[in-house]
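# Analysis of the macromolecular model
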Amino acid sequence: MRSQIQSYTVASGRTGASLASFVFPAVFAAFGESVAFYYLSALAIIAAVVTFVFIPETKGSLEESSNEIKEMKSIKIAEDQPVR
């Protein structure tokens, strides 16, 4: 579960970086420096608000919140066997 969510965050971060690198020069050329910076500032504030509102806070360790400890306890380890 944790690795799946992490893959989503990495993909969205890279998408955002790619969009910003393509959008900023176009906005800068069309509207000027101040509009481009205000536009990207507004996007950063919106992203921060969305993150704060929709992403739950993890209490305790990540392993506890993703139930990894239960999963690890349920895994049976093979008994020691002599190597041939």
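Below or above, wherever it landed, is the structure these notes cover.

Criteria and thresholds
- Residues numbered from 1 in each chain as written.
- Predicted model: local features only at pLDDT ≥ 70, side-chain atom pairs only at ≥ 80, totals over all residues.
- Heavy atoms only, no water.
- Helix = DSSP H or I, 4+ residues; strand = E, 2+ residues; numbered from the N terminus.
- Areas by Shrake-Rupley, 256 points an atom, 1.4 Å probe, with all protein chains shown as cover.
- Contact = heavy atoms within 4.5 Å.

Looking only at helices and strands, one finds four helices and zero strands in the protein chain. In sequence order, the protein chain lays out its α and β elements as α-α-α-α. Carbon and sulfur atoms form 66% of the exposed surface of the protein chain, whose accessible area is close to 7800 Å².

Structurally, the position occupied by Phe 28 is in helix 1 (residues 2–31). The spacing of Phe 28 and Tyr 39 is 11 residues in sequence and 9.9 Å in space, taken between C-alpha atoms. When neighbours within four sequence positions are excluded, Phe 28 is seen to be in contact with Glu 33 and Ala 36.

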